[in-house]
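Residue-level structure breakdown
Each chain, written out:
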Amino acid sequence: MARTIIDIDEEKLARAQRALRTSTKRETVNAALDLAAAVDADKRAQVLDSFRDLLDRLDTDLIEQGEIDDHSGNAA
């Protein structure tokens with residue numbers, strides 16, 4: 001673990017300590033980082049799930065036929 005010196009808003013730190021139920025600055029910062037990383041991972045997972053749902057709804061046969069028609073000059 002790296003040691004870093006940063007300025008921290010004491011009021012926000014106190015609110016975060018209460019919300020995260022941590023007792024030290026180090027615990028609070030690490031818990032907040034864990035929470036932020038988890039939220040980011042959840043957002044990525046949600047976007048990926050949405051993309052998979054979209055792919056499931058695509059009519060790939062129709063798309064492939066359209067590509068064939070475009071390249072053969074038979075576009076409707």
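Calculation criteria
- Residues numbered from 1 in each chain as written.
- Predicted model: local features only at pLDDT ≥ 70, side-chain atom pairs only at ≥ 80, totals over all residues.
- Heavy atoms only, no water.
- Helix = DSSP H or I, 4+ residues; strand = E, 2+ residues; numbered from the N terminus.
- Areas by Shrake-Rupley, 256 points an atom, 1.4 Å probe, with all protein chains shown as cover.
- Lys, Arg positive; Asp, Glu negative; His and termini not counted.
- Charge placed at Lys NZ, Arg CZ, Asp CG, Glu CD.
- Salt bridge = Lys/Arg side-chain N within 4 Å of Asp/Glu carboxyl O.
- Buried < 20%, exposed > 50% of the residue type's maximum accessible area, 1.4 Å probe, protein only.
- Contact = heavy atoms within 4.5 Å.
- Patch = residues over 30% accessible without salt bridge, like charges linked within 9 Å, V, L, I, M, F, W, Y side chains within 5 Å.

1. Structural notes on the overall build of the chain
Of the regular secondary structure elements, the chain holds 3 helices and 0 strands. With the principal axes as the frame, the chain shows a C-alpha extent of 70 × 25 × 20 Å. Put simply, the chain shows about 7,000 Å² of open surface, and 54% of that area lies on carbon and sulfur atoms. Put simply, the chain has 11 plus and 17 minus side-chain charges, and the middle of one group is 18 Å from the middle of the other.

2. A few points about the pattern of salt bridges
This model, assessed by the stated rule, comprises 4 salt bridges. Among the ionic pairs, Arg15 bridges to Glu11, the shortest N-O distance being 3.3 Å. With Arg15 and Glu11 both in helix H1 (residues 10-20), this residue pair falls 4 residues apart, about one helical turn. Note that Asp40 and Arg44 form a salt bridge whose closest N and O atoms lie 2.6 Å from each other. With Asp40 and Arg44 both in helix H2 (residues 25-57), this residue pair falls 4 residues apart, about one helical turn. Taking relative accessible area as the criterion, Asp40 reaches 39% and is therefore assigned partly exposed.

3. Some words on the side chain of Thr28
Mapped onto the secondary structure, Thr28 falls in helix H2. When near neighbours in sequence (up to four residues on either side) are disregarded, Thr28 contacts Leu13, Ala16, Gln17, Leu20 and Thr22.

4. A few points about a negative patch on the surface
A contiguous patch of negative charge on the surface is contributed by Asp59, Asp61, Glu64, Glu67 and Asp70. Positionally, Glu64 belongs in helix H3 (residues 60-72).

5. Remarks on a nonpolar patch on the surface
Where nonpolar side chains cluster on the molecular surface, the patch consists of Leu48, Phe51, Leu54, Leu55, Leu58 and Ile63 and spans about 510 Å² of accessible area. The topology assignment puts Phe51 in helix H2.

6. Regarding unusual backbone geometry
It is generally the case that most residues other than glycine have a negative phi and that most peptide bonds are trans. Here the phi dihedral of Arg21 falls at roughly 55 degrees; this positive angle occurs in a residue that is not glycine. Mapped onto the secondary structure, Arg21 falls in the loop between H1 and H2. On the accessibility criterion, Arg21 (78% relative accessible area) is exposed.

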